[in-house]
Amino acid sequence: MPVTDHFPSTQATWIGTQLTIIEGATPDGPAARTAHRSVATYLMERYREPLRAYVVGSALRELGEPDELVAGFFAHMLATPDSLLRWRTSGLQLRRWLMHGMAFHGRTLRTDSRRNRERTSLDAATAAGAEPMDDRDGVHAFDRAWALELVNEAHRVAHAECDERGLLDEYEVFRLHVSEGLPYAVIGPRTGRTVQQCANATRRVGAMLREAVAELLRAEGVPAGEMEATVIEVQRLVSGG
């Protein structure tokens, strides 16, 4: 089902709103600090596992413990809002911008390490030749972990919407059918619904979930023209493709 794009610009998203607050507020004032802290917390919660997967699957794993590398990257990148403001004008989707940032952070660490080795008379040519460059496995691991995090968050959003609208029973039908794989003929007697009512409930909750996914993608800078393809990519990654 096509995703309807109600928000033509990242400016309409929560992340964009926080960055606008930072730009318009007094530097290091309370409003700017609060907005910066909110975005930083969001990014660390959403992207810790995808970036860790990227480190484990790429040459960066040779630089140290994945958790420590990711924590160091966040500490460097999120220390001030300057990097986040540059993202908004970069033209990159948020996930790619962060992954490229992690790769650059790793290259910086590797360069620093090489310089230290050179100071202790280690053969510089050998050190440079030992540097693997292929991180395709890391990119795929990152994308899959990112998609799983995004879909899990979309499920939380859809569940909260169902709760607000008094539709938690419909969410349970959806969960039993989609997550547990039970047929409507089994779900119906359990929930006091007909097969058609179960199908209708699954369709309604599925639409909420798709819209939640699209809203999260809009917040990460996915433009309207790429939305449908990105949603399909998320579905493929989550299913193990």
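Thresholds applied
Residues numbered from 1 in each chain as written. Predicted model: local features only at pLDDT ≥ 70, side-chain atom pairs only at ≥ 80, totals over all residues. Heavy atoms only, no water. Helix = DSSP H or I, 4+ residues; strand = E, 2+ residues; numbered from the N terminus. Buried < 20%, exposed > 50% of the residue type's maximum accessible area, 1.4 Å probe, protein only. Contact = heavy atoms within 4.5 Å. Axes fitted to C-alpha atoms, helices over the stretch in contact; angles between N-to-C directions. Parallel < 35°, antiparallel > 145°, perpendicular 65-115°, else oblique. Left-handed = near helix turned anticlockwise from the far one by under 90°. Salt bridge = Lys/Arg side-chain N within 4 Å of Asp/Glu carboxyl O.

> I would appreciate a short explanation of the overall build of the protein in the present structure.
If you tally the helices and strands in the protein, you get 11 helices and zero strands. Ordered by position from the N terminus, the helices and strands of the protein form the series α-α-α-α-α-α-α-α-α-α-α. A total of 241 residues make up the protein; the buried ones form 41% of that total. Considering only residue pairs separated by 6 or more positions, the protein has 69% of its internal contacts joining residues 24 or more positions apart.

> What should I look at first to understand the packing of helix α2 (residues 30-57) against helix α3 (residues 66-77) in this one?
When two helices pack together, their arrangement is captured by the angle between the axes and the distance separating the axes. Put simply, α2 and α3 touch, their axes get as near as 9 Å, and they point 130 degrees apart. On the basis of their axis angle, the class for α2 and α3 is oblique. Both α2 and α3 take part in a crossing whose hand is right-handed. Seen from α2, the contacting residues are Leu-43, Met-44, Tyr-47, Arg-48, Leu-51, Arg-52, Val-55 and Val-56; seen from α3, they are Pro-66, Asp-67, Leu-69, Val-70, Phe-73 and Phe-74.

> Explain the pattern of salt bridges here, please?
Side-chain pairs of opposite charge can arise whenever the charged atoms involved come near each other. For the coordinates displayed, the defined rule picks out 14 salt bridges. For Arg-175, the salt bridge is made with Glu-180, and the minimal N-O distance between the two is 3.0 Å. We classify Arg-175 as partly exposed; its relative accessible area is 29%. Among the ionic pairs, Glu-211 bridges to Arg-218, the shortest N-O distance being 2.5 Å. A relative accessible area of 28% means that Glu-211 is categorised as partly exposed. When salt bridges with common partners are traced through the structure, they connect Arg-95, Arg-96, Asp-143 and Glu-233 into a single cluster.

Purely geometric numbers; function is a separate question.
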